[in-house]
Amino acid sequence: MELKIENVSKAFINDGNNHIVLGDVSFTVDEGQFVTLLGPSGCGKTTLLTIIAGFQSVSGGRVLLNGRQVTRPGPDRGFVFQNYALFPWMTVRDNILYPMKMSGVPAQEREQRLQELLAMAQLEGKEKLYPHQLSGGMKQRIAFIRALAGQPEVLLMDEPLGAVDFQMRQILQEELEALWLKDKTTVVMVTHDVDEAIYLSDRIIVMSAREGKILEDMPVELPRPRNRKNPKYVRSKEHLMDVLKVAINKQPEQTEGARKLQLACRKTASQ
Amino acid sequence: MEPVGDKIRVYSGANTRLMREKVIGSLGPKQILYRLATLAAVFAVWQLAANHYHSEFLMPSPLKTIVTLTSVVHDPDVIKNLLLTLKRVLTGFLYAMLIGIPLGFLMGYSRVAMHLFDPLIDSLRQIPIMAWVPLTIVWFGLGDGPTVFLIAFAGVFPIIMNTIAGVQKISQDYYNAARSMGAGPWSIFAHIIVPASLPDILIGGRLAIGLGWMSVI
């Protein structure tokens, strides 16, 4: 598996104005990595993720998965939605079987894989329930194993824990890490939560609010399962907080010359 | 992306009771008592009015009406006609569903179909049902034809409208989820669009049956 983002740009036209969300973004994700796109809201990280998923088209550049250009959604890229998007009219069982049916897995194998996945997520015996009968944590686990059921090359997660409160979030991060360690599928996750990024990722890409420029590409080399009190963990967190402060500042860094020119213009205008 | 939220849409056989309870609340002894209270109040007002007018022609008493009703129900002629009406309503309803549901799916899903059919449907549905009566008699002659047509005609619009609404409010996330799991157009229709819009279609159907009974006369 190799996922290549090559000079991807994305612009929207709002009221005749060209609004650039992604300027020129490039990076490569290697097999088995857990990569997080971290950035303030509005930095285009979710846009980039949906472009990788094929839900949106690029304005320029391209996304390559194993050398093949991505143009539309496909089962080689699993997607975990922020609101889970479990089908409420299907039972847990049918939700998880759906991607396997779509990719033509034989019935016997389907059943076996379903049991494996349920065991992995500790959801045995919940097959007959409907999504609305489950707790938030269970829904999140089902969304995760549903995305894995189609055996994607890469798993894309859009703020998978965005809808839960702080304490629950930490517990779910631990659950998610444990689940991922059992499977080790390549992951690209989007989040704005620094702690979550460090806790889960092997590599963190920080994007700026201005055109989604990559401000930092940082590996996280801490033993798993991670200890939030480890001094190195705390240091990484503080460092990322500082980078994020730069990311949030949307103002472009002006050169001295440009600033003087601007001031001069203002003076002449007021006279 | 719009949030899906916790929209509960359960319609499977095992859960129809749940759905009913969501709409009207559970039906325990206390709730039955409330319902009986309303019924009793209606009869009381009726009896008072009958006492006031004191005329069987203007306002017969509830007791008298019920006695007459029971004797009428035993009349084989009445039963025969009742069954005939039921047959007409169901036939008309069937036509309304057969035309309304596919059209609703099409218009809800495709902007092009919406623009093609919307002017026609929006003008047709404004015409009072009674205005069709002379025309339908000319078209279908006397007999079942005009009645079935009018029942179908009255019922088809709520079915179309509700099906459109049902399809349009399906979250984009569901389509994206299905596509990213490798679903093709047929599967998206059968496994996403139909089940997700079914609750709204059922509401359309209920309205259509009600309008059908009203158009019988």
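Residues numbered from 1 in each chain as written. Chains lettered and ligands numbered in written order. Predicted model: local features only at pLDDT ≥ 70, side-chain atom pairs only at ≥ 80, totals over all residues.

What follows deals with the overall build of chain B. Each helix and strand counted, chain B has nine helices and zero strands in total. Along chain B, helices (α) and strands (β) appear in the sequence α-α-α-α-α-α-α-α-α when read from the amino end. The buried share of chain B, taken over its 217 residues, is 26%. Partitioning the intrachain contacts of chain B with sequence separation of at least 6 by distance along the chain shows that 71% fall at a separation of at least 24. (Helix = DSSP H or I, 4+ residues; strand = E, 2+ residues; numbered from the N terminus. Buried ≥ 20, exposed ≤ 12 C-beta atoms within 10 Å, placed from the backbone. Contact = placed C-beta atoms within 7 Å.)

What follows covers the environment of Ser 59 of chain A. Residue and element names in this part refer to chain A. Note on placement: Ser 59 falls in the loop between α1 (45–53) and β4 (60–65). According to the C-beta neighbour criterion, Ser 59 is partly exposed, with 15 such atoms within 10 Å. Taking the C-alpha atoms as reference, Ser 59 lies 40 Å from Leu 118; in sequence the two are 59 residues apart. Dropping the residues within four chain positions of it, Ser 59 is found in contact with Ser 9, Lys 10 and Ala 11.

What follows is about helix α7 (residues 144–168) of chain B. Residues and elements named next belong to chain B. Relative to the 36 Å expected for 25 residues at 1.5 Å per residue, α7 spans 36 Å between its end C-alpha atoms, a close match to the ideal helical length. Taking the largest bend as the criterion, α7 deviates by roughly 25°, centred on Val 156, and proline Pro 158 comes between one and four positions later. The element α7 is extensively covered by neighbouring structure, given that 21 of its 25 residues are classed as buried. (Expected span 1.5 Å × (residues − 1). Bend = angle between axes of the 7 residues up to and from the residue.)

What follows concerns the packing of helix α3 (residues 107–120) of chain A against helix α4 (residues 136–149) of chain A. The description of two helices packed together rests on the angle between their axes and the distance between the axes. Residue and element names in this part refer to chain A. With their axes 10 Å apart at the nearest point, α3 and α4 run at an angle of 145° to one another. Considering how the two elements wind past one another, α3 and α4 form a crossing that is right-handed. On the side of α3, the interface is formed by Arg 113, Leu 117 and Met 120, while α4 contributes Ile 145, Leu 148 and Ala 149. (Axes fitted to C-alpha atoms, helices over the stretch in contact; angles between N-to-C directions. Left-handed = near helix turned anticlockwise from the far one by under 90°.)

Looking now at the nonpolar core. Soluble globular proteins: nonpolar side chains tend toward being buried together. With 99 residues, the main nonpolar core has Ile 52, Leu 156 and Val 188 of chain A as its most contacted residues. In terms of residue count, α7 of chain B provides more of this core than any other element does, 14 residues in total. Each residue touching Leu 156 of chain A, except ones within four places of it in the same chain, is listed here: Leu 49, Ile 52, Ala 53, Arg 77, Gly 78, Phe 79 and Val 188 of chain A. (Core = buried A, V, L, I, M, F, W, Y, C linked by C-beta atoms within 7 Å.)

Residues and elements named next belong to chain A. Strand order in the open sheet formed by six strands is β6-β7-β8-β3-β9-β10, and the pairing between neighbours is mixed. The sheet is open, and its two borders are formed by β6 (77–80) and β10 (214–219), each paired with just one other strand. Strand-to-strand twist in this sheet, taken as the mean axis angle between neighbours without regard to direction, amounts to 15°. With four bridges connecting them, strand β3 (residues 34–38) and strand β9 (residues 203–207) associate as parallel partners. Counted as the bridge partner of Leu 38 is Val 206 from β9. Of the strands in this sheet, β3, β9 and β10 touch helix α7 (residues 231–248), which is tilted by about 25° from β9. (Pairing = 2+ DSSP bridges.)

By the element assignment, Pro 128 of chain B lies in the loop between α5 (111–124) and α6 (133–140). A sequence separation of 26 residues divides Pro 128 of chain B from Ala 154 of chain B, and the C-alpha atoms of the two residues are 9.4 Å apart.

Residues and elements named next belong to chain A. In this structure, Pro 225 follows Arg 224 across a cis peptide bond, with omega equal to -5°. Looking at the secondary structure, you find Pro 225 in the loop between β10 and α7. Unlike most non-glycine residues, Tyr 84 shows phi in positive territory, near 70°. Checked against the element boundaries, Tyr 84 lands in the loop between β6 and α2 (92–102).

All names here are of chain A. For strand β7 (residues 154–158), the tally of buried residues reaches five of five residues, placing the bulk of the element in the interior. Covered by surrounding structure in β7 are Val 154, Leu 156 and Asp 158 together with Leu 155 and Met 157, the residues of both alternating faces. Across four bridges, the pairing between β6 and β7 is parallel. Note on β7: the bridge partner recorded for Phe 79 is Leu 156. Both β7 and strand β8 (residues 186–191) contribute to a ladder of five bridges, which runs parallel. Paired with Leu 156 across the bridge in β8 is Val 188. In the classification by handedness, the crossover that spans β7, the intervening helix α5 (residues 166–183) and the parallel β8 is right-handed. (Right-handed = clockwise from strand over helix to strand, strands pointing away.)

This part is about α1 of chain A. All names here are of chain A. Among the nine residues in α1, eight count as buried, and that is most of the element. Buried residues of α1: Lys 45, Thr 46, Thr 47, Leu 48, Leu 49, Ile 51, Ile 52 and Ala 53, and no others. Downstream of α1 by one or two residues, Gly 54 has phi in the positive range, about 90°.

Residues and elements named next belong to chain B. Along its sequence, chain B is organised into domain 1 (8–74) and domain 2 (75–217). On a C-alpha basis, the centres of domain 1 and domain 2 stand 29 Å from each other. Looking at the side of domain 1 that touches domain 2 residue by residue, the class counts come to three nonpolar, one polar and one charged. (Domains from an automatic or database assignment. Nonpolar A, V, L, I, M, F, W, Y, C, P; charged D, E, K, R; others polar.)

Attention now moves to the environment of Lys 101 of chain A. Residue and element names in this part refer to chain A. Here Lys 101 is to be found in helix α2. The exposure class assigned to Lys 101 is partly exposed, which follows from the 18 C-beta atoms found within 10 Å. Taking the C-alpha atoms as reference, Lys 101 lies 31 Å from Val 164; in sequence the two are 63 residues apart.

Consider a sheet: its strands pair through backbone hydrogen bonds, and that pairing is either parallel or antiparallel. Residue and element names in this part refer to chain A. Taken together, four strands build an open sheet; the order of strands is β2-β1-β4-β5 and the sheet is antiparallel. Here the strands that pair on one side only, and so sit at the sheet edges, are β2 (17–30) and β5 (68–69). Here 10 bridges tie strand β1 (residues 2–14) to β2, and the two strands are oriented antiparallel to one another. Within β2, the residue paired with Lys 4 across the bridge is Thr 28.

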